[in-house]
Amino acid sequence: MPLGAARGGGRNGIGDLSETSSRPPALAPDPGATPSLEAPPTHPSRLGRRTLALVGALSLALPAAAYFWFIHRYGVNVIWNDQWTDLALIKHAHTGSLSFSMLWAQHTANRILFPNLIVLALAYTAHYNSVVEEYVSGAMLAAATALLIVAHRRRSPTTPWLYYCPLALLMFTFVGGNTIYGGGNTLWGFQMAWYLVLLALAATLSLLDRPRFTGLVLAGALATAVVGSFSALQGLLIWPAGLVLLCLRRRSRGHLMIWIASAVITGAVYFFHFSAQAGASKPSYVLNAPISAAKFFVFSIGDNIIGQQTFNVPSSTSDADLIVGGIILALAVWVATSCSLRRDATDGSPLGVALISFGLLFTALITASRAWEGFWQTGRYAMFELLIWVGCYLALLGRVNLRVGRLTGRGSRGSPATAGPSALPPRPWPGLVNAAAWPILIGLIVVQVVLGTHYG
C-alpha cells in the first residue's frame, strides 16, 4: 500500500491516531530508529482566529454585563403604577380564590396570561422582589439577543462574532430604560411582559429560519408565537413577521396555510370579549389627522437615539429625530425591498427583513394608539422600534457575507437549498446606495450608543 494512502485523512501529513492499530506491520515505526527532531508545522493564522473569536466574545458580553450592572446599580424594590395589579393577583393566589379568568383578564389592551404566571412564580420563590423581576427581564433580553445572533450566523457561518457587536449594543440599549412617564423598561419589573414578547419573537424567528424545517420545528414556532401573543398586544405582530420569513424562505404552501390559520385562531381568541374602551387608543386620529400621525410615526423611529419625552419637545430635537427617523425608514424600505426581490436569499438577510417588518408594524401600532395624546411619548418603545435598526444591520451583514465568501448551509445533505455553496451568485446592489448604506447605518448606531448611554 502506498505510504500516502496509509497516512491519508490526517491534517498536515500527520496520520489519524485512531487508525494506528490498523496500519500494516511493515509501516510500523522502527524502535531502533532515531526520533525525528523536526517540529510539526505551525499555523500562525490559528492564533489570529482564536484572538478574533475572543475579542468577538468580549464585544458581545460587555453590553450585556453593562445592562445587568445598570439594574444592580439603580434597581429598587418598589411596587409602582401598574404593578399594583400584580399584588391583587398574588392576594387571590394566597387566599385560594385565584381563577383562570383573573389570569386572562384584560389589562388595558393587553392579554398578559403568561407574564401573570411568571409573577405568581416569583411571588412564591422571591417574595415578589421587583428587582428580581428586572433581572428576569434582562435574562430574557440576553436570550433573545443570543437567539438572533445564532440564527443569523447559522445561515452566514463565515461571519466573525465581532461583527455582531453593533447588534448587541442596540439590543442592550439604555434608551427608554428609566423614563419617568411609564416607568421605562429596564428598571420597571412590570415591563417583563414586553421582554417576554421579545424573547418569543426571537425564538419563533429562529425556529422558522432553520434550514431543516420539519413539522416538529413548526409546532415549536407556533407554541412560542402563542406565548408572545398572550403576553402583550404587540405579541400578535409575531405572526405577520413570521409569515414574511416563511415567504422569503420559500416554505411549502402547507406550512404557510398552517401558520396563517394558527394566526387567525390566536387573534380570534385574543379579541374574544375584548373591550376596546379598556385601552387609551384612538385609531380614528390617524384618519382625522394623517399628517400629524405620519410625523409621529417617523419621529418615533428617530427618537431611539435619545429617547427623551417631554410635554414640549424643543424644535431642534424634534427636527433631528424626524431627520433620523426618515433616514432609517428609507433605509429599511430599501433593504427589505432589495432582499425580497431576490430568489436566491439563502443567507441571513431574510431574518433581518422579518425584524424590520415587526419593528415597522409595532411603530404603526403605537402611532394608532398614542399619536393622539399630543406629546411625543416614544422613548420607552425603543426596545421594539430598534428592531428596525437591527434588521437593517443583519440584512446588510448577510449580503456582505455572501460577497466575501460562499455560503455553506447546514441542512440535509444533497439539498441545494440548504447545503453547499449558494447556487446563484448574488446580484450586485445599486453601487451608490450600497456604498452609502453601511457608513450611514454604522454612524447612526455609534451616535445612538453614545447619546443613548448618556441620557439613559
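Quick note: structure is the one above.
Residues numbered from 1 in each chain as written. Predicted model: local features only at pLDDT ≥ 70, side-chain atom pairs only at ≥ 80, totals over all residues. Heavy atoms only, no water.

**Q** Would you mind going over a nonpolar patch on the surface with me for this structure?
**A** A cluster of nonpolar side chains, namely Ile442, Val446, Val447, Val450, Leu451 and Tyr455, defines an oily patch on the protein surface of about 450 Å² accessible area. Along the chain, Val447 falls in helix 17 (residues 431-455). (Patch = residues over 30% accessible without salt bridge, like charges linked within 9 Å, V, L, I, M, F, W, Y side chains within 5 Å. Areas by Shrake-Rupley, 256 points an atom, 1.4 Å probe, with all protein chains shown as cover. Salt bridge = Lys/Arg side-chain N within 4 Å of Asp/Glu carboxyl O. Helix = DSSP H or I, 4+ residues; strand = E, 2+ residues; numbered from the N terminus.)

**Q** Hey, could you run me through the side chain of Thr173 in this one?
**A** Assignment of secondary structure puts Thr173 in the loop between helix 7 (165-171) and helix 8 (192-208). Aside from chain neighbours lying at most four places away, what touches Thr173 is Tyr67, Leu386 and Gln448. (Contact = heavy atoms within 4.5 Å.)

**Q** How should I be thinking about the pattern of salt bridges in this particular structure?
**A** If charged atoms from side chains of opposite charge come close, those side chains can pair. Taken as a whole and judged by the stated rule, the model has two salt bridges. Here Asp209 and Arg155 are joined by a salt bridge, their closest N and O atoms 3.9 Å apart. With Asp209 in the loop between helix 8 and helix 9 (215-229) and Arg155 in helix 6 (residues 130-155), this residue pair connects regions lying 54 residues apart in the sequence. Like Arg155, Asp209 is buried. (Buried < 20%, exposed > 50% of the residue type's maximum accessible area, 1.4 Å probe, protein only.)

**Q** What is the right way to look at the environment of Tyr393 in this model?
**A** Positionally, Tyr393 belongs in helix 16 (residues 382-404). Its relative accessible area of 5% is what places Tyr393 among the buried residues. With near-sequence residues (within four places) excluded, Tyr393 lies in contact with Tyr163, Pro166, Trp438, Leu441, Ile442 and Ile445.

**Q** Honestly, the packing of aromatic side chains in this entry has me stumped. Any pointers?
**A** By convention here, two paired aromatic rings are described through the distance between centres and the angle between planes. This model, assessed by the stated rule, comprises 23 aromatic pairs. A centroid spacing of 5.5 Å and a plane angle of 75° characterise the contact between Trp80 and Trp188, whose relative ring orientation is edge-to-face. Of this pair, Trp80 sits in the loop between helix 2 (44-74) and helix 3 (84-95) while Trp188 sits in the loop between helix 7 and helix 8, and the two are 108 residues apart along the sequence. Judged by its relative accessible area of 5%, Trp188 falls in the buried class. Ring geometry for Phe362 against Tyr381: centres 6.0 Å apart, planes inclined by 65°, an arrangement best described as edge-to-face. Here Phe362 is found in helix 15 (residues 349-370), whereas its partner Tyr381 is found in the loop between helix 15 and helix 16, with 19 residues between them in sequence. (Phe/Tyr/Trp six-rings, centres within 6.5 Å; stacked < 30°, edge-to-face > 60°.)

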